[in-house]
Amino acid sequence: MVEIGNFRKIMKKLRGMAQVRGIVPCLLLVCATPAYAQGSKHHLLMTPARISFAQKQAQADKERAEAWKHILQVAQANDKRKDLARADYVALAYMATREDAYAQQLKAILQKTIQAKTWGVSEMLLRQPAWHSELNMAHNAMKAALAYDAIYDKLTPSERKTIAKGLYRLALQPLAEDWIDESTRIHSLNSMGHNWWASCVGMAGLLAVAIHNEIPEARDLLPQVDKSLQAWFAFKGDVLQNKPQTFDEGGTYEGINYTGYGIQEALLFYLSYENSGLCKQSVRMKMFEQMPDFFLQTCYPRTKGTLYTVNFGDSYRTNTGRNCMMLLASMGIRNKDIAWYLSQITEAGIEDYALDTPMGWLYTPDLSQAPKVIDAPKSHLYGKMGWATIRDSWEKDATALCVKSGNTWNHAHADAASFILYHHGEDLLKDAGKCWYKKPEYRNYFFQSEAHNVVLFDGKGQPRSQQYYSAPLSGSLHHLIDGGSIKYVLADGTGPNADRFSRYFRHFLWIGKTILVIDDLKAHETGTFQWVWHPGGKAVKRGTDLQITNGEASIVLRPLFPEMLAPSDFLQDYPNNMFWQTHQAKTEGLKGDEEYWTFHLPKTTDQVKGVTAILLKDTPADTQLPQIERLEGKNWIGVKIMEGDKVHYVYINQQADGRLMHLNSWMTVNGLQTDAYMTVLTYSKKTVEACLAKGDEAMMPLPSDYLMIYGSCLRRNGKCLFSSLDKKNVLSEHGKVTKFEAD
């Protein structure tokens, strides 16, 4: 066999022969290009152009050359087993080398495969109505299509027909009848419009492309596959069954793992459809252009270790959009940013198109020119699916705050108004993750509210029935503001928690090295509130703080309102302070045990304002942290943050939370009058010190910067800094005022 690593030597020898023996130059061109048999059929995914590209890359890239050796080894080892699951390795080996042994193996695999009575699954067939197709059938359809496509010109017309009819019976017909054919279809986008749809429909389409010459029904099906997938991309959801919209700016509510899988399956069909020549025009949906941005916004680049991603729902933090990104790159979409993303992935996941897999070897782009840092927006809100990401930099090991408050159902967990915090390379406040779905720990813990950074009432979160029936009212995110030095987003988790709460709002306010989590909570009856924290490292209580450390990454968690943590274990001496409990739970994937914390308010009440400060440490030993003070006044609570040469006053208006009817919520702070729900006033440290020296902190000059959340006016002595008849969100930095609608 000719291995890629020997291409250079062969070419050098051929050139020498040409000079000595006068071989015509066109012979060298034939030798330098894979010798494809000439037939009437285009190839699906393993095209001559992709193979040629990968071969050229392997000549200069040792890693890709070694990957090729691995692919050949897998293909050779499969000769004894004749396993359809490895048919893609054999197909690539044959198409790149044209060695007949590989063609014979593929032929034997296909002839063995079509002897099966059915590819249906007994459990699925028992459903009413019976499901004759599912994901494994879709996966097998792809492997069979690639095998058939590879040796198409090696088969006789009779062999082609026999194999094609067998594959039609085993896979294409049941997939089409369950998912596509209007006369038999049992599924709808309202019931199965998630990743299964893209896989079952997309792989039916890919197989249809492969066997369309022999099976007229396959050719006729292709426009329906295209229509069905476009409907999946465009599905708007429904009200009656409370199904969410499939896509929101290139991402889906199912999380990184299943978003990537679904898109990948659709793209595989569209690539094969275009490569076959059957698609009369290039498919370039607007959504394809948005997909790279979704994967970029939800990733977290690290120095020590592979790329992390935002693992809301059923997704591991190492699940990435790798497969989608390389397929999108092959379509000419956002190559530069995609190359950066792929270059950050140093460890391939189980289902990734790693470099030593056929699709990875063919479709991994040239990453040698990938930028070290990308120039992309540092925050984004996906309003329809209820995700937001905010970061301070695109450098590795930066700080990133990721918030979710959206739908609960299927792969979307009961995590309304939850968040993950990445800092210095680690998820120091994390999502507990997931395990295999058949395990009781999945449905009893990982899916439920207790496995997320949320607030419970009387020890309970969202109803457990929402996993199956969904939340009738979804959570939502609003008002993302990224002013650079001040960042803000609002999470509304009331809907999914409506059985216990009439108000469940979480405000995330990020100023410098401080993130305030401000909870506005009101229950239907009196009870107790508990704050759940999942540390992504070793958590140690020190006084009124909880410090969380993982390697060189560290944060401090400090409750400020409604009460601070009791400073010692003598809780009887601090009956009004918050107390804490630790809980044992299984780690992600059930690999061990870990501890999570809850903070408890000892008194019973039906309404609280909670304020928790998260202090971002440069190192575990960092003592140069912002100074934090609790503030309280008439109808307001607040926090004073002193960092560097700036002092920030954060005021929360207790009257502006809906408790007043027909009365506006005016308050006076720092000599300013406002009806805002929240007001942030920023001054220089010298200004504050001068006022303190005069004993007149309440009458400071006008702030250098301010943020007003849900306010109609900010004024002093009748002179307005801002005024609007309806309440707005307003940010003023360096004299520039930006208004945001407060819907």
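Report follows, based on the coordinates. Because the structure is predicted, anything quoted here is derived from the model rather than measured.

### Notes on the overall build of the protein
Secondary structure assignment for the protein yields 20 helices and 28 strands. Compactness check: the protein gives a C-alpha radius of gyration of 30 Å against a globular reference of 27 Å for 743 residues, within 12% of the reference. With respect to the three principal axes, the spread of C-alpha positions in the protein is 100 × 65 × 50 Å. By the burial criterion, 58% of the 743 residues in the protein qualify as buried.

### Quick word on the sheet that holds strand 7 (residues 426-429)
On the basis of which strands lie adjacent, the open sheet formed by five strands has the order 3-4-5-6-7 and antiparallel pairing. Strands with a single pairing partner mark the edges of an open sheet, and in this sheet they are strand 3 (379-382) and strand 7. Across this sheet, the average inter-strand angle for adjacent strands is 20°, counted without regard to direction. Of the strand pairs in this sheet, strand 5 (residues 399-404) and strand 6 (residues 418-423) are connected by six bridges, and their pairing is antiparallel. Bridging from a neighbouring strand, K404 pairs with S418 of strand 6.

### Observations regarding the state of the cysteines
Evaluated as defined, the whole model comprises zero disulfides. Not engaged in a disulfide, the cysteine C402 finds its nearest cysteine sulfur in C299; these two sulfurs lie 9.7 Å apart. By relative accessible area, C402 is classed as buried at 2%. Here C713 stays free of any disulfide, with the sulfur of C720 as its closest cysteine sulfur at 3.9 Å.

### Some details on empty space enclosed by the protein
Per the counting criterion, the structure on display carries two cavities of 30 Å³ or more. Roughly 50 Å³ of internal volume is contained in the largest cavity. Lining the largest cavity, in full, are L189, N190, S191, G193, H194, F235, K243, P244, T246, Y253 and W409. Counted by class, the lining of the largest cavity contains five nonpolar, five polar and one charged residues.

### Remarks on the nonpolar core
Residues L45, Y148, F233, F288 and Y341 are the most contacted members of the largest nonpolar core, which totals 137 residues. When residues in this core are grouped by element, the largest group, 13 residues, is from helix 11 (residues 195-211).

### Quick notes on the pairing of strand 21 (residues 636-643)
When you tally the buried positions in strand 21, you get seven out of eight residues, the bulk of the element. Bridge count for strand 20 (residues 627-633) against strand 21 is seven bridges, and the pairing is antiparallel. Following the sheet pairing, Q627 is matched in strand 21 by M642. Turn length for the strand 20-strand 21 hairpin, with the two strands adjacent in sequence and antiparallel, is two residues, and the turn residue N635 shows positive phi of about 65°.

### Topic: helix 14 (residues 286-297)
Here helix 14 is twelve residues long and its end C-alpha atoms lie 18 Å apart, about the 16 Å a rise of 1.5 Å per residue gives. Within the span of helix 14, buried status applies to M287, F288, M291, P292, F294, F295, L296 and Q297.

### What about unusual backbone geometry?
The step from Q128 to P129 runs through a cis peptide bond, and the omega angle for that step is -5°. In this structure, P129 sits in the loop between helix 7 (122-125) and helix 8 (135-150). Cis geometry is adopted by the peptide bond preceding P562, which originates at F561 and carries an omega value of 5°. Counting through the fold element by element, P562 comes out in the loop between strand 16 (553-561) and strand 17 (579-586). Unusually for a residue other than glycine, H424 sits at a positive phi of about 50°. Mapped onto the fold, H424 is located in the loop between strand 6 and strand 7.

### A short note on the side chain of Q105
Position of Q105 relative to the elements: it lies in helix 6 (residues 100-113). Judged by its relative accessible area of 3%, Q105 is buried. Polar side-chain contacts of Q105 include one of 3.5 Å to the backbone nitrogen of D79. If we skip the residues at most four places from it in the chain, Q105 touches A75, N78, D79, K82 and V90.

### Some points on the packing of helix 5 (residues 87-97) against helix 6
Orientation of helix 5 relative to helix 6, taken along the N-to-C sense of each, is 145°, at an axis distance of 9 Å. Of the two elements, helix 5 crosses helix 6, and the hand of that crossing is left-handed. On helix 6, the residues touching A87, V90, A91, A93, Y94 and T97 of helix 5 are Y102, A103, Q105, L106 and I109. Among the residues forming the contact of helix 5 with helix 6, the class breakdown is nine nonpolar, two polar and no charged.

### Here's the deal with the pattern of salt bridges
Close approach of charged atoms allows side chains with opposite charge to pair. As enumerated under the stated definition, the model contains 28 salt bridges in all. For the salt bridge of E594 with K430, the shortest nitrogen-to-oxygen distance reads 2.7 Å. Taken together, the residues span a long stretch of sequence, with E594 in strand 18 (residues 593-600) and K430 in the loop between strand 7 and helix 18 (440-446) at a distance of 164 residues. For the pair formed by E594 and K430, the shared burial category is buried. One salt bridge in this structure joins D726 and K728, with 3.3 Å as the shortest N-O distance. According to the relative accessible area criterion, K728 is buried, its value standing at 10%. Bridged by salt links that share partners, the residues R503, D520, K609, D657 and R659 form one connected network.

### Looking at the sheet that holds strand 8 (residues 455-457)
Taken in spatial order, the four strands line up as 8-13-18-17 in an open sheet, and their pairing is antiparallel. Because the sheet does not close on itself, it has two edges, and the strands there are strand 8 and strand 17. Across the sheet, the mean angle separating the axes of adjacent strands is 30° when strand polarity is ignored. Direction of pairing for strand 17 relative to strand 18: antiparallel, over a ladder of eight bridges. Paired with Q581 across the strands is T598, a residue of strand 18.

### Section: the packing of helix 14 against helix 16 (residues 335-343)
Where helix 14 contacts helix 16, the two axes come as close as 10 Å, and the packing angle between them is 35°. Relative to helix 16, helix 14 is oriented so that their crossing is left-handed. Contacts between helix 14 and helix 16 involve P292, F295 and L296 on the former and, on the latter, D337, I338, W340 and Y341. Split by residue class, the contact of helix 14 with helix 16 holds six nonpolar, no polar and one charged.

### Description of the packing of aromatic side chains
Counted under the stated rule, the structure contains 33 aromatic pairs. Between the aromatic rings of W232 and F247, the centroid separation amounts to 5.1 Å while the plane-to-plane angle is 90°, which identifies the pairing as edge-to-face. Of the two residues, W232 sits in helix 12 (residues 216-234) while F247 sits in the loop between helix 12 and helix 13 (255-275), which places them 15 residues apart along the sequence. Like W232, the residue F247 is buried in the burial classification. Taken together through their ring pairs, the aromatic side chains of W232, F233, F247, F269, Y270, Y273 and F288 make up a single cluster. The ring of Y363 carries the charged tip of R50 above its face, separated from the ring centre by 4.6 Å. Across the ring face of Y308, the terminal group of R302 is positioned such that the distance to the ring centre comes to 3.8 Å.

Thresholds, definitions, all that
- Residues numbered from 1 in each chain as written.
- Predicted model: local features only at pLDDT ≥ 70, side-chain atom pairs only at ≥ 80, totals over all residues.
- Heavy atoms only, no water.
- Helix = DSSP H or I, 4+ residues; strand = E, 2+ residues; numbered from the N terminus.
- Rg over C-alpha atoms; globule rule 2.2 N^0.38 Å.
- Buried < 20%, exposed > 50% of the residue type's maximum accessible area, 1.4 Å probe, protein only.
- Pairing = 2+ DSSP bridges.
- Axes fitted to C-alpha atoms, helices over the stretch in contact; angles between N-to-C directions.
- Disulfide = S-S within 2.5 Å.
- 1 Å grid on protein atoms, 1.4 Å probe; cavity = no way out; pocket = protein on both sides within 12 Å on 5 of 7 lines; lining within 4 Å.
- Points joined across faces, edges and corners; volume = space filled by probe spheres on them.
- Nonpolar A, V, L, I, M, F, W, Y, C, P; charged D, E, K, R; others polar.
- Core = buried A, V, L, I, M, F, W, Y, C linked by side-chain atoms within 4.5 Å.
- Expected span 1.5 Å × (residues − 1).
- Polar contact = N/O pair within 3.5 Å; in protein donor to acceptor, adjacent residues only side chain to side chain.
- Contact = heavy atoms within 4.5 Å.
- Left-handed = near helix turned anticlockwise from the far one by under 90°.
- Salt bridge = Lys/Arg side-chain N within 4 Å of Asp/Glu carboxyl O.
- Phe/Tyr/Trp six-rings, centres within 6.5 Å; stacked < 30°, edge-to-face > 60°.
- Lys NZ or Arg CZ within 6 Å of the ring centre and 35° of its normal.

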